[in-house]
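So the chains spell out like this:
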Amino acid sequence: MSSAQVAVVTGGARGLGEAIVRRLHADGYRVVVADIDGAGADALAAELDPSRATACGVRSDVAERAAPADLLQGVLDAFGAVHVLVNNAARTRATPVMEIGPDELDEVTAVNFGGTFRFCQTFGSHLAEQGYGRIVNMASLAGQNGGTATGAHYAASKGAVLTATKVFARDLASRGVTVNAVSPGPQEGETVRAVLGEDGVDALRASIPVGRLGDPAFVARMVALLASPDAVSVTGSCWDANGGLYLR
Ligand SMILES: NC(=O)c1ccc[n+]([C@@H]2O[C@H](COP(=O)([O-])OP(=O)(O)OC[C@H]3O[C@@H](n4cnc5c(N)ncnc54)[C@H](O)[C@@H]3O)[C@@H](O)[C@H]2O)c1
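These notes cover the structure that comes with them.

The rules behind these values
- Residues numbered from 1 in each chain as written.
- Predicted model: local features only at pLDDT ≥ 70, side-chain atom pairs only at ≥ 80, totals over all residues.
- Heavy atoms only, no water.
- Pairing = 2+ DSSP bridges.
- Helix = DSSP H or I, 4+ residues; strand = E, 2+ residues; numbered from the N terminus.
- Axes fitted to C-alpha atoms, helices over the stretch in contact; angles between N-to-C directions.
- Contact = heavy atoms within 4.5 Å.
- Salt bridge = Lys/Arg side-chain N within 4 Å of Asp/Glu carboxyl O.
- Buried < 20%, exposed > 50% of the residue type's maximum accessible area, 1.4 Å probe, protein only.
- 1 Å grid on protein atoms, 1.4 Å probe; cavity = no way out; pocket = protein on both sides within 12 Å on 5 of 7 lines; lining within 4 Å.
- Points joined across faces, edges and corners; volume = space filled by probe spheres on them.
- Nonpolar A, V, L, I, M, F, W, Y, C, P; charged D, E, K, R; others polar.

1. Observations regarding the sheet that holds strand β1 (residues 6–10)
Piece 1. One open sheet holds the 7 strands; their spatial order is β3-β2-β1-β4-β5-β6-β7, and the pairing between them is parallel. Strand pairing shows two members of the sheet lacking a second neighbour, β3 (55–59) and β7 (238–241), which therefore form its edges. Shown here is a sheet whose adjacent strand axes are inclined to one another by a mean of 15°, direction ignored.
Piece 2. One ladder, built from 5 bridges, connects strand β2 (residues 30–35) with β3; its direction is parallel. Across the sheet, residue V32 finds its bridge partner in β3, namely C56.
Piece 3. Relative to the sheet, helix α3 (residues 67–79) contacts β1, β2 and β3, its axis offset from that of β2 by approximately 150°.
Piece 4. Strands in contact with helix α6 (residues 152–172) are β5 (133–138), β6 (177–184) and β7; relative to β6, the strand with the most contacts, it is inclined by about 160°.

Written out as structure tokens, the structure reads:
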């Protein structure tokens, strides 16, 4: 992979986003860690070994209307180009369906679906103009099966991400830009523990056919494979990593 390639990861400061940032950086990309937690993004970027490839942290709230254009301009100013966008930022909420208030619905929709959609529009247009690009959208098993531990708004937003992935893939395919989704089931890490608690995680693990939660580092490798130049013939796809919880 050319070390000149530049990758942007939204929500890259922690969790799966952090694993994706680390993977892409180790693979030689210059990585922009974009996160609503600007200090967390800065801290991760500063920690990455600058001798391999440069990285920088940026505060970016994907729910803000100006965020995609602002971030694109900032990346072009800093690095001169962009090749890969990973739409990873999300709000994970587990409120029971009849108790979801309008503000929480708007928040989850604006970040998970609205952010992904508008970033696909802005970065997709730019990548298409340059004739090359890779977009990877983080979906979820919840978007495929309606959700198990997570809320209806989260699940529906991820279903929308999957549909949007196909639409953008079709629109951009002839101009060198692929758009794909990765759909994890429950992964090791803070998010699942926060939603379910330790006892809930044990029960969940017992219900997963392979008997274990997923490994964020492996999901990051899936993202990196879809982000690579030789992934040219894969677009509009959804790659599952759910331990056998959902077979299709
Ligand atoms: N962890 C899992 O088991 C799991 C399963 C399925 C799908 N996913 C998906 O993978 C992705 C990462 O999940 P995670 O568990 O690491 O999440 P997380 O909550 O640990 O991290 C999300 C990151 O996004 C950032 N963020 C939140 N709102 C933002 C906004 N408005 N603008 C920019 N950044 C924002 C947070 O600061 C955080 O750094 C999400 O898209 C999630 O839906 C995760």
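2. A short note on the pattern of salt bridges
Piece 1. This model, assessed by the stated rule, comprises 11 salt bridges.
Piece 2. Here R22 ties to E18 by a salt bridge, and the two come within 2.9 Å at their closest N and O atoms. Of this pair, R22 and E18 both sit in helix α1 (residues 15–26), 4 residues apart, roughly one helical turn.
Piece 3. With a shortest N-O distance of 3.7 Å, R193 and E198 are connected by a salt bridge.
Piece 4. Looking at R193, the relative accessible area reads 30%, which means it is partly exposed.
Piece 5. Through salt bridges with shared partners, a single network forms among E18, R22 and E47.

3. Re the layout of surface pockets
Piece 1. A volume near 1,100 Å³ is recorded for the largest pocket.
Piece 2. Lining the largest pocket are 45 residues, with L16, A90, T92, Y154 and T191 positioned closest to its centre.
Piece 3. With 7 residues, helix α7 (residues 190–207) is the largest single contributor of residues to the lining of the largest pocket.
Piece 4. Taken together, the residues of the lining of the largest pocket sort by class into 21 nonpolar, 15 polar and 9 charged.
Piece 5. Of the voids in this model, the second largest pocket is the one considered here, and its volume is about 160 Å³.
Piece 6. Around the second largest pocket, the lining comprises 13 residues; the ones closest to its centre are Q144, L162, K166, C238 and R248.
Piece 7. The leading source of residues in the lining of the second largest pocket is α6, at 5 residues.
Piece 8. Across the lining of the second largest pocket, the residue classes tally to 4 nonpolar, 7 polar and 2 charged.

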